[in-house]
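# Secondary and tertiary structure notes
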Amino acid sequence: MSTRLHQATAGQRLAGRPSAFPVLAARASTRTLETVRDAGGQVTSQVRRTQLPSGLRIITEQMAGARSAAVGVWVGVGSRDERATTHGASHFLEHVLFKGTRERSALDISIALDAVGGEFNAFTAKEYTCFHARVLGEDLPLAVDVLGDMITDSRITSHDVDAERDVILDEIAMHEDDPDDVVHNLFAELAWGAESPLGRSIAGTEQSIQDMPRERIKRFWRRHYTPANMVISAAGAVDHDSVVRLVRKAFERNDFLAGEAPPTEPRAGGPRPRVRAGEARVSRPFEQVNMVLGSEGPARDDPDRFALGVVTTALGGGTSSRLFQEIRERRGLAYSVYSFTGHYADSGLVGVGLGCLPGRADEALSVVRSELVRLAADGIDADELRRGKGQLTGGLVLGLEDAGARMMRLGKGELTHTSVLGIDEVIARVDAVTLDDCARVAAEVFVRPELLAVVGP
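All chains use their own residue numbering, which begins from 1 and follows the written sequence. Selection of residues for local features in this predicted model requires a pLDDT of at least 70, selection of side-chain atom pairs for listing and counting requires 80 or more, and totals for whole chains, interfaces and linings are taken over all residues. Side-chain metrics rest on all non-hydrogen atoms present in the structure, leaving aside hydrogens and water.

### Observations concerning the overall build of the protein chain
The criterion, for reference: Each helix is a run of DSSP H or I of at least 4 residues and each strand a run of E of at least 2, with the numbering of both proceeding from the N terminus. In this scheme, a residue with accessible area under 20% of its type's maximum is buried, one over 50% is exposed, and one in between is partly exposed, where area comes from a 1.4 Å probe on protein chains only. Note on areas: these come from Shrake-Rupley sampling with a 1.4 Å probe, and a residue is covered only by the protein chains present in the view. Under the counting rule used here, the positive set is Lys and Arg, the negative set is Asp and Glu, and His together with the chain ends is not counted. By convention, charge coordinates are those of NZ in Lys, CZ in Arg, CG in Asp, or CD in Glu.
Assigned secondary structure in the protein chain consists of 15 helices and 13 strands. If you line up the protein chain on its principal axes, its C-alpha atoms span 60 × 60 × 40 Å. Out of the 457 residues in the protein chain, the part that is buried amounts to 56%. With an accessible surface of roughly 19,200 Å², the protein chain has 50% of that area assigned to carbon and sulfur atoms. Charged side chains of the protein chain number 54 positive and 64 negative; the gap between the two group centres comes to 4 Å.

### Topic: the packing of helix α12 (residues 382–399) against helix α14 (residues 423–431)
As a reminder of what qualifies: Think of each axis as a best-fit line through the C-alpha atoms, taken over the contacting stretch in the case of a helix, with angles from 0 to 180 degrees between the N-to-C directions. Angles below 35 degrees are treated as roughly parallel, those above 145 as roughly antiparallel, those between 65 and 115 as roughly perpendicular, and all remaining angles as oblique. Here, residues are in contact when the closest pair of their heavy atoms is within 4.5 Å.
Interhelical geometry of α12 versus α14 gives an angle of 170° and a closest axis separation of 10 Å. Here α12 is positioned roughly antiparallel relative to α14, judged by the angle of their axes. Residues K389, L392, T393, L396 and V397 of α12 touch α14, and the partners they reach there are I423, V426, I427, V430 and D431.

### Overview of helix α3 (residues 140–153)
The line we're drawing: Expected span of a helix, by definition, is 1.5 Å for each gap between consecutive residues, and there is one gap fewer than residues.
Taking 1.5 Å per residue as the helical rise, α3 with its 14 residues ought to reach 20 Å, and the 20 Å between its terminal C-alpha atoms agrees with that figure. By the criterion of burial, α3 is predominantly enclosed, with 12 of the 14 residues buried. What α3 keeps buried is the set L140, A143, V144, D145, V146, L147, G148, D149, M150, I151, T152 and D153.

### Comments concerning the confidence of the model for the protein chain
Just so we agree on the cut-off: One number per residue, pLDDT, summarises how confident the predictor is, and it ranges from 0 to 100.
Considering every residue of the protein chain, the mean pLDDT works out to 90; 92% of them sit at 70 or more. In this model, residues 3–25 is a region of pLDDT below 50 whose contacts with residues beyond four sequence positions or in other chains number 105 contacts. Counted against residues more than four places away or in other chains, residues 264–269, with its pLDDT under 50, gives 15 contacts.

### A word on the sheet that holds strand β9 (residues 278–283)
Condition: Two strands qualify as a pair provided that DSSP identifies no fewer than 2 bridges between them.
Read from one edge of the open sheet, 5 strands run β9-β13-β10-β12-β11, paired in mixed fashion. Two strands close off the open sheet at either side, each with one partner strand: β9 and β11 (336–343). Put simply, the sheet's adjacent strands are angled 15° from each other on average, direction ignored. Here helix α5 (residues 179–192) sits on the sheet in contact with β9, β10 (289–296), β11, β12 (348–356) and β13 (451–456), set at roughly 150° to β13.

### Focus on unusual backbone geometry
Not every positive phi belongs to a glycine, and I156 is a case in point at roughly 50°. Look at I156 and you get buried, because its relative accessible area is 1%. We note that N254 has phi near 55°; this positive angle belongs to a residue other than glycine. Following the sequence through the fold, N254 ends up in the loop between α8 (240–250) and β9.

### Digging into the pattern of salt bridges
The following threshold applies: Definition used for salt bridges: Asp or Glu carboxyl oxygen within 4 Å of a side-chain nitrogen of Lys or Arg.
One pass over the full model with this rule turns up 33 salt bridges. Between E127 and R300 there is a salt bridge, and its shortest N-O distance comes to 2.5 Å. With a gap of 173 residues between them, E127 in the loop between β6 (119–124) and β7 (129–136) and R300 in the loop between β10 and α9 (305–316) connect regions that are remote in the sequence. The exposure classification of E127 matches that of R300, with both residues buried. Through salt bridges with shared partners, a single network forms among E103, R104, D145, D149 and R253.

### With respect to the environment of E371
Topologically, E371 is positioned in helix α11 (residues 361–378). The spatial distance from the C-alpha of E371 to the C-alpha of L52 is 51 Å, given a sequence separation of 319 residues. Excluding anything up to four places from it in sequence, E371 contacts R322, L323 and E326.

### A closer look at the packing of aromatic side chains
How we decide: Between 30 and 60 degrees the pair is tilted, below 30 it is stacked and above 60 it is edge-to-face, where a pair is any two Phe, Tyr or Trp rings, Trp via its six-membered ring, whose centres lie within 6.5 Å.
Per the stated rule, a full pass over the model turns up 10 aromatic pairs. Judged by centre distance (6.3 Å) and plane angle (70°), the rings of F131 and Y225 are edge-to-face. Taken together, the residues F131 in strand β7 and Y225 in the loop between α7 (214–224) and β8 (230–236) connect sequence positions 94 residues apart. As far as the burial class goes, F131 and Y225 line up, both buried. Here the aromatic cluster, defined as three or more aromatic residues joined through ring pairs, consists of F98, F120, F131 and Y225.

### Some words on the side chain of T129
The line we're drawing: N or O atoms within 3.5 Å of each other form a polar contact, as long as, within protein, one can give a hydrogen and the other can take it, and as long as residues adjacent in sequence are counted only when both atoms are side-chain atoms.
By the secondary structure assignment, T129 is in strand β7. On the accessibility criterion, T129 (0% relative accessible area) is buried. Of the polar contacts made by the side chain of T129, one reaches the backbone oxygen of V77; its length is 2.8 Å. If we skip the residues at most four places from it in the chain, T129 touches V73, W74, V75, V77, S90, E94, F123, T124 and Y225.

### Some words on the environment of L410
Tracing the backbone through its elements, the reader meets L410 in helix α13 (residues 403–416). Using a relative accessible area of 0% as the deciding quantity, one classes L410 as buried. Between the C-alpha atom of L410 and that of L421, which follows or precedes it by 11 residues, the distance is 9.0 Å. With residues near it in sequence (within four places) discarded, L410 still touches V47, I59, T60, E61, S233, A234 and V420.

### Examining the nonpolar core
Stated formally: Here, nonpolar core refers to any group of buried Ala, Val, Leu, Ile, Met, Phe, Trp, Tyr and Cys residues whose side-chain atoms link them within 4.5 Å.
The biggest cluster of nonpolar side chains holds 52 residues, and the ones touching the most others in it are V71, V73, L97, F120, F131, Y225 and F251. With 7 residues, α3 is the largest single contributor of residues to this core. For Y225, the residues in contact, after removing those within four places along its chain, are V75, V77, L93, L97, T129, F131, I151, F220, M230 and F256. Counting residues in each nonpolar core, the second largest holds 40 residues, with A307, C356, V433 and V441 among its members.

Here it is in structure tokens:
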């Protein structure tokens, strides 16, 4: 079990509420979203989607030649959906659901997947929670049944909550010893404020976890773990109709799928969270100074996200990027320097992270600021545009070579975006980015009020 504490680099899109719920049909509806064929006309992959009357969505990708299968349960709840009294509840619940059901103990759950060589885990982000498994194709029924059992029939006993409380406190302490986690949490708090759900840490605080009673966690589970707020995604050696049957059987416990979800309009987004400018420094006895310098970025479905991805890749997305070459190769100021973007339903961040020796921090920060000024004024050149596109599209395709990655793309896309873009469509949108697009986006984003988080001695 884990938390997604911050976003990855520009080429590695990661963290909700769904940006929109579709209007629900009275009957199950199935449609094919994408079919890919090879040069000989044979189908190599097919993406299909079914929505059950309860609102539960099932999306699969059948991959020709695959022998493994990956399945995930995506729930549209994360730390952003918590109040001050439930801070950390999403992550706490993620842990507790592994502790056993009326049918299986925690050990039974572990044995079931270990016995077939399967992989089984979960993670919590700011806008969603995911439980996932990867097994051989013939063992997919087992994986789906275990996941359905956990999600719909967890016991959530007082003993299990108290036992897992200490585990989570250990995890929080572990993150507090990781400079990268500390500085990114500080950056988010600086951007949105400690009182904002987006600005709070995913795992909660020592105090909020200590104060979290079993009844509160159980109420949180019942409120947010509903069919209309969930997506089941599967990829690899799967057959869509078979997966739908498996899901219906596994999730029918406790009448979880009974009844029909009422017609639901897209969620109102409310006012866009305001990203604030400022600077925050925290003294810690680390060997390095870790810094994140950034500003407000586009929201998750903003069409400019593709151009920004190219720009940030040129800035700090690889060893040929401006920051890597200037800060590490030419000046030797830092071992690690990178750019990143964080996209949420209605807000976002963009920035640069680096770690260096305390005596080099001021010079390194000055170089980063100079590069951002130059980027805002001049954009990127044609070679950087070509390399940026290649890095993004190549990384996308290479990252989707296994069933687990395909399952993640489908599940997250269905839950958090208004539509799931096909791989070819994503590549086409990246390829369509022009130098003018990059210049415009860089001029808009990198002149916004600055956020600076610093952690170190």
